[in-house]
Amino acid sequence: MPPEKNQRGPGLSRRGALIAAAALPLSPALIGRAVAASEPLGTALPQFQRFKLGDFEVTSLLAGTRSTENPQETFGTNASPEAFAELARANFLPADRTQNYFTPVLVNTGAELVLFDTGLAPEGIAGALTAAGYRPDQIDTVVLTHMHGDHIGGLSGEAGPTFANARYVTGAAEFEHWSKAGNEGFDAKVKPLAEKMTMLDDGGAVTSGITAVAAFGHSPGHMAYALESAGKTLVLTADTVNHYVFSLQRPDWEVRFDMDKAAAAATRRKLLGWIATDRLPFIGYHMPFPGMGYLETRPDGFFMIPASYQLL
Ligand SMILES: [Zn+2]
């Protein structure tokens, strides 16, 4: 219960009383004397969050976010509307709207800056990098987990390549597929960089402590990456999971963007099972920012426990 107005306890200074009064809900009399009303500024998110993994610094970068309607059409195409609505409700989510996040990850290994994915457009990733204290021309290596537009879009724009001094790394099977697909985005953004690109297979190394993990299904050569430093491991799951509730708690629900739906579901079971069993932190590209959490195995799938201060 709030104290009575003007009530002052023994020993409470006048300045202390003023501070205490300032912390109270405004009474109608005080509202009438407000100097000026503040305009609402709109909802807001941070643009980056930095963690420590062994000797690595890992920065989640918010390159963009957007709201979409009818999430079942994307995240549960083979689920009943009732089951979809029920799972949404159980997780305090609306069943008719979802928020998508685009989260490239920057790793400073101590020897080089490695960026995983690039968002939808150069402006988004450049803005997030700048907020985090980096310039795009400092990036040594850009890793593309796969070739969908929300991962390759930031590679270049009207001003040319975004990462002027970078080499590029991607999955061999992924590059192979898209180079023959007649895909506009790939042809415009990735093909011109082909000579600077290194192709990896399952288990291939980007650099010391960064290893490719085959996670095929979302796209033909989609790769997750394991980061390992000083005995610590973190997994970048990329688009293995496209929604932190629907695709994690029901890994067999089909996702519109998974190009091979059965393979994508099998990959979810396998990769997420490893992360849950080994109690590893992971960052998912489309998880709520900053995208990092842990996984608990549940009878129907997995449950995400967002990271808090474990890696701070
Ligand atoms: Zn994506």
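**Here we look at the overall build of the protein**
A count of helices and strands for the protein gives 10 helices and 18 strands. For the protein, the residues scored as buried account for 46% of the 312 residues in total. Considering only intrachain contacts with a sequence separation of at least 6, the fraction spanning at least 24 residues in the protein is 67%.

**Notes on the coordination of the zinc ion**
At the metal site, the zinc ion is ligated by Asp150 (OD), His151 (NE2), Asp239 (OD) and His286 (NE2), and these contacts range over 2.1 to 2.2 Å. Coordination at the zinc ion is irregular: its 4 donor atoms span angles of 88 to 170 degrees at the metal. When the donors of the zinc ion are listed by position in the chain, the intervening gaps give D-H-x87-D-x46-H. With a gap of 89 residues between them, Asp150 in helix α6 (residues 149-152) and Asp239 in the loop between β15 (232-238) and α9 (246-249) connect regions that are remote in the sequence.

**Focus on the confidence of the model for the protein**
The share of residues in the protein with pLDDT of 70 or more is 89%, and the mean pLDDT across the chain is 92. Counted against residues more than four places away or in other chains, residues 1-22, with its pLDDT under 50, gives 5 contacts.

**A short note on the environment of Leu272**
By the secondary structure assignment, Leu272 is in helix α10 (residues 261-277). Residue class for Leu272 comes out buried when judged on its relative accessible area of 0%. A C-alpha to C-alpha distance of 8.6 Å links Leu272 and Thr237, two positions 35 residues apart in sequence. The contacts of Leu272, once residues within four sequence positions are left out, are Val241, Leu248, Thr267, Leu295 and Phe302.

**Observations concerning the sheet that holds strand β17 (residues 292-298)**
What the 7 strands build is an open sheet, ordered β12-β13-β14-β15-β16-β17-β18; its pairing is mixed. At either end of the open sheet lies a strand with only one pairing partner, and these are β12 (205-207) and β18 (301-306). Averaged over all adjacent pairs, the angle separating strand axes in this sheet is 35 degrees, with direction ignored. Where strand β16 (residues 282-284) lies against β17, 2 bridges are found, and the strand directions are antiparallel. Across the sheet, Phe282 pairs through a bridge with Gly293, a residue of β17.

**Remarks on the nonpolar core**
Formed by 24 residues in total, the largest nonpolar core has its most connected members in Phe163 and Val190. Put simply, the parts of the chain that give this core at least two residues each are β6 (113-116), α5 (122-131), β7 (141-144) and α7 (172-179). With 3 residues, the single largest contributor to this core is α5. Residues contacting Val190, with those up to four places away along its chain left out, are Leu144, Met147, Ile152, Leu155, Phe175, Gly185 and Met197. Residues Val58, Val143, Val206 and Leu236 belong to the second largest nonpolar core, which totals 23 residues.

Reading the values: the criteria
- Residues numbered from 1 in each chain as written.
- Predicted model: local features only at pLDDT ≥ 70, side-chain atom pairs only at ≥ 80, totals over all residues.
- Heavy atoms only, no water.
- Helix = DSSP H or I, 4+ residues; strand = E, 2+ residues; numbered from the N terminus.
- Buried < 20%, exposed > 50% of the residue type's maximum accessible area, 1.4 Å probe, protein only.
- Contact = heavy atoms within 4.5 Å.
- Donors = N, O, S within 2.8 Å, 3.2 Å for Na, K, Ca; no water.
- Tetrahedral: all angles 85-135°; square planar, octahedral: opposite > 155°, others 65-115°.
- pLDDT = per-residue confidence, 0-100.
- Pairing = 2+ DSSP bridges.
- Axes fitted to C-alpha atoms, helices over the stretch in contact; angles between N-to-C directions.
- Core = buried A, V, L, I, M, F, W, Y, C linked by side-chain atoms within 4.5 Å.

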